[in-house]
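Chains, contacts and geometry: an overview
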Amino acid sequence: MPSQRAPLLSIDDAVSVAADVDIMELKAHTSLYRVLFHQPRVAKRINDLIETLMSATETELDARLRELIIMRIGWVNGGVYEWSHHWRIAQGFGLEEHELLATRDWEAHDHWSLADRAALAATDETLGDGVISRSTWAECEAAFPSDALRLELVTTIGSWKMMSELVRSLDVPLEDGVPPWPPDGVSPGRRIGAAS
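Now for a description of the structure that goes with this document.

By the element assignment, L100 lies in helix α6 (residues 97-102). Along the sequence, L100 and R72 sit 28 residues apart, while their C-alpha atoms lie 8.6 Å from each other. Aside from chain neighbours lying at most four places away, what touches L100 is M71, W83, W87, A90, Q91 and L95.

Dropping the structure here:
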């Protein structure tokens, strides 16, 4: 289904833009970049930020925690694109299906580490209030011992919050063959056991 707010560039045009702004060609095949490439310079800056935050050599925040944050943002914001794409990405970083599903209602589960709980609480507060509370910040200080790590935590939450809002506002569609809301198709608006 094509985007209704920003049309998808053709694959050929997207590949050309990717080459012009030095973004890997593989991304030109995604709906996200086929929309973002309408403004190549903005796409490049967004890509650089996301690539930096996902780089094992440039960041200190554990990839597992980053993916928990992204999955929580996808769920809370109703971001099918984030949830569906990061479902696979998160598993590649060692997260198990039960952990990913638990991000839907993380406070009801007791298997989380101190760092998991602090990161998820900080995510929820940023999404809800736009700021991390003093008490949750104290938990973050205990769980993430360096200023650099805490800065990455906040930047990761803010960056994927922005991406979620951007993707939903631009109505970026899932690519053909990408199943929505894996593994069970349940979305935030259609909870398990809810009346249909």
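In this section: the packing of helix α4 (residues 63-76) against helix α5 (residues 80-92). In the contact formed by α4 and α5, the axes pass within 9 Å of each other and the chain directions differ by 160°. The orientation of α4 with respect to α5, classified from their angle, is roughly antiparallel. Crossing of α4 against α5: the hand is left-handed. Within the contact between the two elements, α4 uses E67, I70, M71, G74 and W75 and α5 uses E82, W83, H86, W87, I89 and A90. The class makeup of the residues in the contact of α4 with α5 is 7 nonpolar, 2 polar and 2 charged.

Procedures and definitions
- Residues numbered from 1 in each chain as written.
- Predicted model: local features only at pLDDT ≥ 70, side-chain atom pairs only at ≥ 80, totals over all residues.
- Heavy atoms only, no water.
- Helix = DSSP H or I, 4+ residues; strand = E, 2+ residues; numbered from the N terminus.
- Contact = heavy atoms within 4.5 Å.
- Axes fitted to C-alpha atoms, helices over the stretch in contact; angles between N-to-C directions.
- Parallel < 35°, antiparallel > 145°, perpendicular 65-115°, else oblique.
- Left-handed = near helix turned anticlockwise from the far one by under 90°.
- Nonpolar A, V, L, I, M, F, W, Y, C, P; charged D, E, K, R; others polar.

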